[in-house]
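Remarks on the overall topology
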Amino acid sequence: MLHLATIGSGSIVDLFLDAVEKTEGIALEAAYSRTKERAVEFAKKHGASKGYSDLDTMLADGEIDCVYVASPNSLHYGYAKRALLAGKHVICEKPFVGSASEAEELFALAAGKKVFLMEAITVLHMPNFKCVQEWLSEIGPVRLANFNYSQYSSRYDAYLEGRLTNVFDPKFAGGALMDINVYNLHAAAGLFGMPKEAHYFANRGFNGIDCSGTAVLSYDGFVCTCMGAKDCDGDNRAVIEGEKGYIVVREAGNLWGSAELFLRNGERKSVGYDLSLNRMAYEAADFVQAIETRDEKSIRSWQEETLLVMGILDRLQAG
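What comes next concerns the included structure. Per chain, the residues get numbers from 1 upward, laid out in the order the sequence is written. Where totals are concerned, whole chains, interfaces and linings use all residues; where local detail is concerned, this predicted model gives features only for residues with pLDDT of at least 70, and gives and counts side-chain atom pairs only at 80 or more. Hydrogens and water molecules were not included; the side-chain quantities draw on all heavy atoms of the structure.

Thoughts on the overall build of the protein chain
- For the purposes of this entry, the term helix denotes a DSSP run of H or I that reaches at least four residues, the term strand denotes a run of E that reaches at least two, and both are numbered from the N terminus. Within the protein chain one finds ten helices and 14 strands.
- Restricting the calculation to C-alpha atoms gives the radius of gyration, and the globule rule supplies 2.2 Å times the number of residues raised to the power 0.38. The globule rule puts the C-alpha radius of gyration for 319 residues at 20 Å, and the 20 Å found for the protein chain is close to it.
- Viewed in the frame of its principal axes, the protein chain has a C-alpha envelope of about 60 × 50 × 35 Å.
- Looking at the 319 residues of the protein chain, the share that counts as buried comes to 54%.
- Throughout, the Shrake-Rupley method with a 1.4 Å probe supplies accessible areas, and for residues the shown protein chains are the sole cover considered. With the model as given, the accessible surface of the protein chain reaches about 13,700 Å², and the carbon-plus-sulfur share is 49%.
- As used throughout, the charge tally considers Lys and Arg to be positive and Asp and Glu to be negative, leaving His and the chain termini uncounted. Charge positions come from single atoms, namely NZ of Lys, CZ of Arg, CG of Asp or CD of Glu. If you average the places of the 32 positive and of the 43 negative side-chain charges in the protein chain, the two averages end up 2 Å apart. For every residue, the accessible area (1.4 Å probe, protein chains only) is compared with the maximum for its type, and the residue is labelled buried under 20%, exposed over 50%, or partly exposed between those bounds.

This is how it looks when you write it as structure tokens:
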């Protein structure tokens, strides 16, 4: 049984802990927050008795095996590093860290400590994403691909009034690219690998943050566009077009729900998805199995995917 501690108390942590409660082999042991009251309250909410406001004390708790990091984006690196140094496995929310070099450093540290470090990115663990990976060979050479994930942020109205929150603050590595479009980048990297060129065209707000934008990734023979927005809603889907057919994914972005394959010879395939299911349950189950069985092959493949995406982000942010 893995005994989990959390860093962060936002809605994404609630969703992840709901998945944990539905997953065998893992249970919440403790929660960390900046105030003791908030930490205890959050832990009790999810059936745990330990709440910490001192991180070092929590990391010294011998009953904790694994730490889930879901702090503001800019703090991921520091929290993950401290947990690794304490000998804990780490599951770190997207976007993983600030740069590929930081990711490489943390993966090397995890290997030296003989613990596992993984990015919590739902796309790679969704069953229908794996179906699309298999379908790619059927549509022939890819010629165009477009991934869209646009979600009007609950904090955007406050931003328009001049009130900053973490997700719209450059100091906390906020913005559409890091918070929303990173899912599309993982999808592109998982399907097509590293692009030859990568450019980002952003719509920026009053403080320079990208409220929405499009990443253009150039591959041999085709271009992939990744659209992400926190200032508008959209039809969140993925479309991949090849010479022999095309693939449409409904509910793309962080879910990769139902998908359809249309071939020019008239053949059709489809896979559904129950939208009532917690999308994070798949990654939670994969992480537990990989840690318990010390499945270094799977963990290394996830780390390589993370390094790919961090490399793409480096290029996009460099302009």
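Side note on the sheet that holds strand β14 (residues 268-271)
- Whether two strands pair comes down to DSSP finding at least two bridges between them. Judged by pairing direction, the sheet is mixed, and its eight strands sit side by side in the order β8-β9-β10-β7-β11-β12-β13-β14 without closing on themselves. Every other strand in the sheet has two partners, leaving β8 (197-204) and β14 as the edge strands with one partner each. Shown here is a sheet whose adjacent strand axes are inclined to one another by a mean of 10°, direction ignored.
- As judged from the seven bridges shared by strand β7 (residues 142-150) and strand β10 (residues 222-229), these two strands associate in the parallel manner. What sits directly across from S150, in β10, is A229.
- Any two residues whose heavy atoms approach within 4.5 Å are treated as being in contact. To obtain an axis, a line is fitted to C-alpha atoms, over the contacting stretch when the element is a helix, and the angle between two such axes runs from 0 to 180 degrees between their N-to-C directions. Docked against the sheet, helix α8 (residues 176-192) engages β7, β8, β9 (210-219), β10 and β11 (238-242), running at close to 155° with respect to β10.

Brief notes about helix α6 (residues 127-135)
- Looking at α6, one finds that the buried residues are N128, F129, C131, V132 and W135. Angularly, the buried residues of α6 cover 155° about the axis, an arc narrow enough to put them on a single face.
- Taken together, the buried residues of α6 touch α8, β11, β12 (245-249), β13 (259-263) and β14. Read the arc as the range of directions from the helix axis to the C-beta atoms.

Re the packing of aromatic side chains
- Stacked, edge-to-face and tilted are the three classes for Phe, Tyr and Trp ring pairs, Trp counted by its six-membered ring, which pair at centre distances within 6.5 Å; planes under 30 degrees apart are stacked, over 60 edge-to-face, the rest tilted. Using the criterion set out here, one finds 18 aromatic pairs in the structure.
- Between F147 and F192 the ring centres are 6.4 Å apart and the planes differ by 5°, which places this aromatic pair in the stacked class. A residue pair is termed long-range when its members are at least 10 positions apart, and F147 in strand β7 and F192 in helix α8 qualify at 45 residues. One exposure class covers both F147 and F192, and it is buried.

Notes on helix α5 (residues 100-113)
- Under the 1.5 Å per step criterion, the end-to-end length of α5 is 20 Å for 14 residues, consistent within 8% with the ideal 20 Å.
- Buried within α5 are the following residues: A100, A103, L106, F107 and A110. Down the axis of α5, the buried side of the element spans an arc of 125°, and every buried residue falls inside it. The outward face of α5, more than 90 degrees from its buried face, is lined by the exposed residues A108 and G112.
- K114 sits one or two residues past α5 and shows a positive phi near 60°. Multiplying 1.5 Å by the helix residue count minus one yields the expected span of that helix.

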